[in-house]
Amino acid sequence: MCVRISGGTRRGGRGGGAGAHSRAARRQGARLCVHDERAAELAATGALPPGIAAHRLVRRRWVVRDTSAGPAGRLFWEQPFPFHSYHWGLLWSGLREATPASVVYRQGVTVTGVAVTADRAEVRLADGAAERYDLAVGADGYRSVVRETVCHTSRPEYAGYVCWRGNFDARRLEETGEADWPRDAVTTVCFEGGSCVVYRIPGPAGPRVNWVLYAMPPQSGRLRLDSPTSFPPGQVTAELAAALTELLERCFPPYWARVISLTDAEHTFVQPIYDLESAHTTAGRLLLAGDAAVVARPHTTSGAAKALQDASAFESAWHRSDSWDELLDAYRAARGSAGRELVALARRLGRAQVEQTPAWAVMDAGAAQAWWRKQLADAADIGGHAMSAPKPLRG
């Protein structure tokens, strides 16, 4: 029997407790994007079920504040962007509905720790109970309790900056006369010391506008960000809210500042950015997946694909293996290098778009293309690595 411990559910498993931040993300409509090629691969494996609402994106437009170019700023580059955007809650619901009825799903159970015995994984619950399984998969996010046992020395490392995030009903664009914006486009607003991406996502009651703004946080000394934390909707400090307002007024083209300002406070939250490479992804009968194993900065637009690829790799390893040890070895071989490469790419993109931004104001399309290729280095694109289609789960 296999138990999956999760801070929010992706696929399969038994047991787990949904983390507060994951529940907030489902309610508030946090966004994610999946590259079209990764989506096709994942659909072929069954990891991405059909019928989940998605919004098609085709191009990415890079703009910078320029008073001579008008309120929307100066467009200095447009690049292909073959992605679909998703609403976190709708994707979660679609994956949950696709979970076989034979799977025992226990939401709301808090796992406080795990341990390894001779041939079992022991899962310890908040009520004092201890349950034993053949294998425990820790898909419990960047604050993973399973990782504490698998490799306690691997911890999220603060990157030095944060992202403000928010979303709002897209009908507000029409109501306020701010709808002059291609529906198939992601817009990246560039400024010294940061950048912000804005695009549409599906929502339970119609399309929504989602944005993610990366910049350095206020340097007052009152924020403690070295240990993994976040500021969920309704808990953004006055200092962080004021910093956002100041950034919009000082750095953004007026049109895009007005767009971001359409977001209600209860739909705005802040996430410090972290890196994480786990030294080990397995130990005994424990296995790490998703952000419990690897956290790459969001600039790679690969988090959802990475987690679903982990699930596909696990299925493929299960199909090919005759023992638990073989399964764990096959999973490590399939996913080890991909995570390290994603973290390295995300760090390069973070430096280039936040920590060491170029002179956006004088950049043109040719310079932007050269700058982008330099950041990609050996990577073909953002969106995650391709993986060979695994065989279907036996049985």
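Residues numbered from 1 in each chain as written. Predicted model: local features only at pLDDT ≥ 70, side-chain atom pairs only at ≥ 80, totals over all residues. Heavy atoms only, no water.

Q: Honestly, the pattern of salt bridges in this entry has me stumped. Any pointers?
A: Any two side chains of opposite charge can pair, on the condition that their charged atoms come close. Taken as a whole and assessed by the stated rule, the structure comprises 23 salt bridges. The partner of E78 in a salt bridge is R61, and the shortest N-O contact between them spans 3.7 Å. Separated by 17 residues along the polypeptide, E78 in strand β4 (residues 74–87) and R61 in strand β3 (residues 55–64) bring together distant segments of the chain. You can call E78 partly exposed: its relative accessible area is 38%. By relative accessible area, which is 17% here, R61 ends up buried. With a closest N to O distance of 3.1 Å, D291 and K306 form a salt bridge. Taken together, the residues D291 in the loop between β15 (286–288) and β16 (294–295) and K306 in helix α8 (residues 303–320) connect sequence positions 15 residues apart. Because the salt bridges share partners, they merge into one network encompassing D275, E277, R297, R347 and E355. (Salt bridge = Lys/Arg side-chain N within 4 Å of Asp/Glu carboxyl O. Helix = DSSP H or I, 4+ residues; strand = E, 2+ residues; numbered from the N terminus. Buried < 20%, exposed > 50% of the residue type's maximum accessible area, 1.4 Å probe, protein only.)

Q: Explain unusual backbone geometry here, please?
A: Generally, phi is negative for residues other than glycine and the peptide bonds are trans, each holding for most cases. Its identity as a non-glycine residue notwithstanding, T301 has a phi of 50°, on the positive side. Following the sequence through the fold, T301 ends up in the loop between β16 and α8. You can call T301 buried: its relative accessible area is 16%.

Q: Hey, could you run me through the nonpolar core in this one?
A: Across soluble globular proteins, nonpolar side chains have a tendency to be buried as a group. Ranked by internal contacts, the top residues of the largest apolar core, which has 32 residues, are W164, C196, V198, W211, L213, F252 and W256. Where this core is concerned, the elements lending two or more residues are β9 (157–169), β10 (185–191), β11 (194–201), β12 (208–215), α6 (238–251) and α7 (254–260). Per-element accounting of this core gives the leading share, six residues, to α6. Discounting chain neighbours no more than four positions away, the residues touching F252 are R65, V189, F191, C196, L213, L247, A257 and I260. Membership of the second largest hydrophobic core comes to 30 residues, among which are Y214, W360, A368 and L376. (Core = buried A, V, L, I, M, F, W, Y, C linked by side-chain atoms within 4.5 Å. Contact = heavy atoms within 4.5 Å.)

Q: How should I be thinking about the packing of aromatic side chains in this particular structure?
A: For any two aromatic rings, the description comes down to two numbers: the centre-to-centre distance and the angle of the planes. Under the counting rule described, the total for this entry stands at 17 aromatic pairs. Judged by centre distance (6.2 Å) and plane angle (25°), the ring pair of W62 and W360 falls under stacked. Here W360 lies in the loop between α9 (324–355) and α10 (365–376) and W62 lies in strand β3, a separation of 298 residues in the sequence. Take W360: its relative accessible area is 3%, and that puts it in the buried class. Relative to Y274, the ring of Y158 lies with its centre 5.9 Å away and its plane at 55°, an arrangement referred to as tilted. Placement of Y158 in strand β9 and of Y274 in strand β13 (residues 268–277) is noted, with a sequence separation of 116 residues between them. Of the residues examined, Y158 reaches a relative accessible area of 21% and is grouped as partly exposed. Taken together, W62, F76, W77, W360, W371 and W372 form an aromatic cluster joined through their ring pairs. Sitting above the plane of the Y105 ring, R96 keeps its charged end 3.8 Å from the centroid. (Phe/Tyr/Trp six-rings, centres within 6.5 Å; stacked < 30°, edge-to-face > 60°. Lys NZ or Arg CZ within 6 Å of the ring centre and 35° of its normal.)

Q: What am I meant to see in the environment of A293 here?
A: Looking at the secondary structure, you find A293 in the loop between β15 and β16. Residues A293 and R155, spaced 138 residues apart in sequence, show a C-alpha to C-alpha distance of 10.0 Å. Once you skip the residues sitting within four places of it in the chain, A293 turns out to touch L276, E277, S278, T281 and L288.

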